[in-house]
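In case you want the letters, here they are:
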Amino acid sequence: MAAPNTNLQCDYLNPNFPTVNNDRFFANHPIITMIDRCSNTKHLKTIHAQMLRTGLFSDPYSASKLIQASALSQFSSIQYARKVFDQIPNPNLYSWNALIRAYSSSPQPIHSFLIFIRLTYEGCENPNKFTYPFVIKALAELSDLQVGKGLHGMVVKSGFIWDLFVLNSLIHFYVQCGCLKMAYQVFLSMPKRDVVSWNSMINGFAQRDCADEALDLFREMEGEDVKPNDVTMVGVLSACGKKLDLEFGRWVHSYIEKNGIRMSLTLNNVILDMYTKCGSVVEAKRFFDKMEEKDIISWTTMLAGYARLGDFYAARSLLAAMPCQNIASWNALISAYEQNGNPKEAVAIFNELQLSKKAKPDEVTLVSTLSACAQLGAMDLGGWIHVYIKKEGIRLNCHLITALIDMYSKCGDLEKALEVFHSVDKRDVFVWSAMIAGLAMHGFGRDAIELFLKMQEAKVEPNCVTFTNLLSACSHSGLVEEGRDFFRQMELVYDIVPVVKHYACMVDILGRAGLLEEAMELIKNMPMAPAASVWGALLGACRLHSNVDLAEHAFARLLELEPQNHRAYVLLSNIYAKSGKWDKVSELRKVMRDCGLKKEPGCSSIEVDGIVHEFLVGDNSHPLSKKIYSKLEEIAARLKSVGYVSNKSQLLQLVEEEDTQEQALYLHSERLAIAFGLLTMRPSQPIRIVKNLRVCGDCHSVAKLISKLYNREIILRDRYRFHHFKGGYCSCKDYW
DNA sequence: TTAGGGTTAG
């Protein structure tokens, strides 16, 4: 490169030199033309130095060229660009825009907005059509709806509201903030839409679980004079994946090939993802093998496909075969295990990851593992993760907060759950709903309702999950009138149409309270077909209130939907037993035997020093088995000494929990777990037990007595709720 | 005639 002509310095400093009104006066200056040919930071710094020496840097146009290269080129550095910018005496609008743009896609988009604010105060020109798209993009990154709406207002006032780029950025912004209605409103308001407008809207719908709307929009787009491109197809395929619509997905795949749409790596990955999500792992693998270029996302997508289907062997092999792993690859495996009902394996993979140090756990890893802990009732590990989060300074996002609240609630430590809830200042609908669910499952119905009111004060809109949790709170606490009110308000006040789940909750509330006729009336008037859960709730209520006729009806309907539902048989059999219809009991058992139906074996787990111990009914496989059984005998003797007589009717019934034909009551799994807890845990530690089935009446009475006789707190989670046994009482007030 | 917006895995 030739040395720059330093003589120019004299010209520029010469008072007779023409005044620079034309911004582009130095456009052809040798130093400035060098900027365009510059290919690395070192060279750019040399040019910068020359510009300072020659005084060229004081020329706004020349400075803006330098800003452009430092902020937006391939070798750009936002820190350097900022330094340059801060030295410019009078930056022109181009320089402001370049910096706003660079920050908008940087890790700190907030600076984009801060510079924009400075521009409005200090700039010698007003923001233009190139300014708004980037500052709006920054606000989209920040998901700051309030500020973004303000900018939308500024755009309207400034007259740039009809600029295609500005409108497209607004669509994207509203989508990012989850305001699909506003995004669509902007979309509809556009006099002209280009492919980016359509893409933003289609992808917005696809991302926000409105797959049908996304696909409808794609069909509409086909009727317009805008050709879809690879980005369009990414949105369309992601909608297919969400809808599990394999047939349409295949059609889209061939559409892409027929129309010669550019096959980007992203598009390839999304096709792969669509096949795995729609359950066609064979087509996915075929496609994967044919892909010429694969990145870590391709590998992880394929791995997640196997894992979701439960083919953990194939998933693990793929993890081993990957050219490089990252935390996402491990997350795919952990979350698949966790969501497939294998929480123990999920925890095992998490431990393996920690030992191997092949990747560092991130928020997703921790959320999945916390959820596995919640399922297992593994509070030691859950608490350890909480400490890890604090120690590593990991930012608590709403996902993590929700997972922590859920973990502590389901592990029986409601106080810790509440502590987490109160310690944060940002709570979304999931955080509130998780806390409501926590209070509900521990029997604090009134507190759950109170929290719901606070949620409204905080201006957080409830969703359908919030109402499921609220109704379940009413059900566990026997709050019939409140339940009826919430059920009515859902649609009227909150515009949330009740789904089957809500009806099942409502049947449960009415049924438990003995309002069986009203429950039946509700079922008759349901706008959709009653699902098994609805009949199950009614059947449960019939057991509580010994209504044989209605039970037989509910049983028949339930079996039409789920012929293999063994719990239904057990429930009906118990209803017969309670009414002394022993012939019916044996008849039902014969049917069960003939159909090869076996009841799920009762299983209770207890975590001691970070290790989860599992006990099956009548289990003697535990290394401390002998000690456990002698402890049980000691317990039985102490119970007898205070006049306790076991509930024989529980023995005669085919109890929902265990087959008492084979096992005496004191072999119920929760009793083994309690005995083990008494043996191994410090007296100050509450005994926390997780059971897969509902606790039986006799074990419930025994647990109450043990809590008094041994002065121990026992916290038992069964299939439906929590029981806190303390001083001879249970938190459920025997209403469960 | 110095310039821009939209996309995928967990």
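Because the structure is predicted, anything quoted here is derived from the model rather than measured.

Turning to the overall build of chain A, a few remarks are in order. Helix and strand content of chain A: 39 helices and 6 strands. In chain A, which comprises 736 residues, the proportion classed as buried is 52%. For chain A, contacts bridging at least 24 residues in sequence account for 63% of all contacts bridging at least 6. Put simply, chain A shows about 35100 Å² of open surface, and 53% of that area lies on carbon and sulfur atoms. For chain A, the separation between the mean place of its 81 positive charges and that of its 80 negative charges on side chains is 4 Å.

A few words now on a nonpolar patch on the surface. A cluster of nonpolar side chains, contributed by I110, L114 and L142, occupies part of the molecular surface with about 220 Å² of accessible area. Locating L142 in the fold gives a position in helix α8 (residues 131–142).

Evaluated as defined, the whole model comprises 24 salt bridges. Close ionic contact of K65 with D36 constitutes a salt bridge, the shortest N to O distance being 3.1 Å. A residue pair is termed long-range when its members are at least 10 positions apart, and K65 in helix α4 (residues 60–72) and D36 in helix α2 (residues 30–37) qualify at 29 residues. One salt bridge connects D406 with K410, and the closest N-O pair in it is separated by 3.2 Å.

Lining the immediate environment of DNA strand B, one finds 43 residues, of which R24, N168, D194, N199 and S335 sit closest. Near the protein, meaning within 4 Å, the atoms of DNA strand B are sugar or phosphate in a fraction of 46%, with bases accounting for the rest. Here D194 contributes a side-chain N or O atom positioned 2.5 Å from a base nitrogen of DNA strand B. The contact in question runs from a sugar or linking oxygen of DNA strand B to an N or O atom on the side chain of S200, over 3.5 Å.

In this section: the UniProt feature "repeat: PPR" (unreviewed entry) in chain A. Summarizing the sequence annotation, UniProt attributes the feature "repeat: PPR" (unreviewed entry) to residues 194–228, 264–298, 326–361, 428–462 and 565–599 in the numbering used throughout. In residues 326–361, the share of helix is 75% and the share of strand is 0%. The end C-alpha atoms are 10 Å apart. Each end of residues 428–462 is marked by a C-alpha atom, and these two atoms are 9 Å apart; helix forms 74% of the span and strand 0%.

Time to look at the confidence of the model for chain A. On average, residues of chain A score 89 in pLDDT, and 94% of them reach the 70 mark or higher. A low-confidence stretch, residues 1–22 (pLDDT under 50), is modelled with 23 contacts involving residues beyond four sequence positions or located in other chains. For residues 654–663, every residue scores under 50 in pLDDT, and the model assigns this stretch 46 contacts once sequence neighbours within four places are set aside.

Here helix α24 (residues 398–410) crosses helix α26 (residues 429–441) at 5°, and the two axes come no closer than 9 Å. Comparing the axis directions of α24 and α26 gives the class roughly parallel. Contacts from C398, I401, T402, I405, S409 and K410 of α24 reach α26 at F430, V431, A434, M435, G438 and M441. For the contact of α24 with α26, the per-class residue count stands at 8 nonpolar, 3 polar and 1 charged.

Inspection of the secondary structure puts N203 in helix α12 (residues 195–207). Those residues within four positions of N203 in sequence are excluded, and the remaining contacts are V231, V234 and G235.

Before going further, it helps to spend a moment on the packing of aromatic side chains. The final tally for this structure, using the stated rule, is 22 aromatic pairs. Where Y132 meets F160, the ring centres are 5.9 Å apart and the plane angle is 45°; that geometry is what we call tilted. Residue Y132 is found in helix α8, and its partner F160 is found in the loop between α9 (145–158) and α10 (164–176); the two are separated by 28 residues along the sequence. Arranged with centres 5.2 Å apart and planes meeting at 55°, the rings of F467 and Y494 form a pair that is tilted. Here Y494 lies in helix α29 (residues 480–494) and F467 lies in helix α28 (residues 464–477), a separation of 27 residues in the sequence. What makes Y494 buried here is its relative accessible area of 16%. Through a chain of ring-to-ring contacts, three or more aromatic side chains come together here, namely Y184, F187, W198 and F205. When the ring centre of Y710 is taken as reference, the NZ or CZ atom of R638 above it lies at 4.4 Å.

The rules behind each value
- Residues numbered from 1 in each chain as written.
- Chains lettered and ligands numbered in written order.
- Predicted model: local features only at pLDDT ≥ 70, side-chain atom pairs only at ≥ 80, totals over all residues.
- Heavy atoms only, no water.
- Helix = DSSP H or I, 4+ residues; strand = E, 2+ residues; numbered from the N terminus.
- Buried < 20%, exposed > 50% of the residue type's maximum accessible area, 1.4 Å probe, protein only.
- Contact = heavy atoms within 4.5 Å.
- Areas by Shrake-Rupley, 256 points an atom, 1.4 Å probe, with all protein chains shown as cover.
- Lys, Arg positive; Asp, Glu negative; His and termini not counted.
- Charge placed at Lys NZ, Arg CZ, Asp CG, Glu CD.
- Patch = residues over 30% accessible without salt bridge, like charges linked within 9 Å, V, L, I, M, F, W, Y side chains within 5 Å.
- Salt bridge = Lys/Arg side-chain N within 4 Å of Asp/Glu carboxyl O.
- Near = heavy atom within 4 Å.
- Polar contact = N/O pair within 3.5 Å; in protein donor to acceptor, adjacent residues only side chain to side chain.
- UniProt positions renumbered as here; feature names shortened; annotations may be inferred.
- pLDDT = per-residue confidence, 0-100.
- Axes fitted to C-alpha atoms, helices over the stretch in contact; angles between N-to-C directions.
- Parallel < 35°, antiparallel > 145°, perpendicular 65-115°, else oblique.
- Nonpolar A, V, L, I, M, F, W, Y, C, P; charged D, E, K, R; others polar.
- Phe/Tyr/Trp six-rings, centres within 6.5 Å; stacked < 30°, edge-to-face > 60°.
- Lys NZ or Arg CZ within 6 Å of the ring centre and 35° of its normal.

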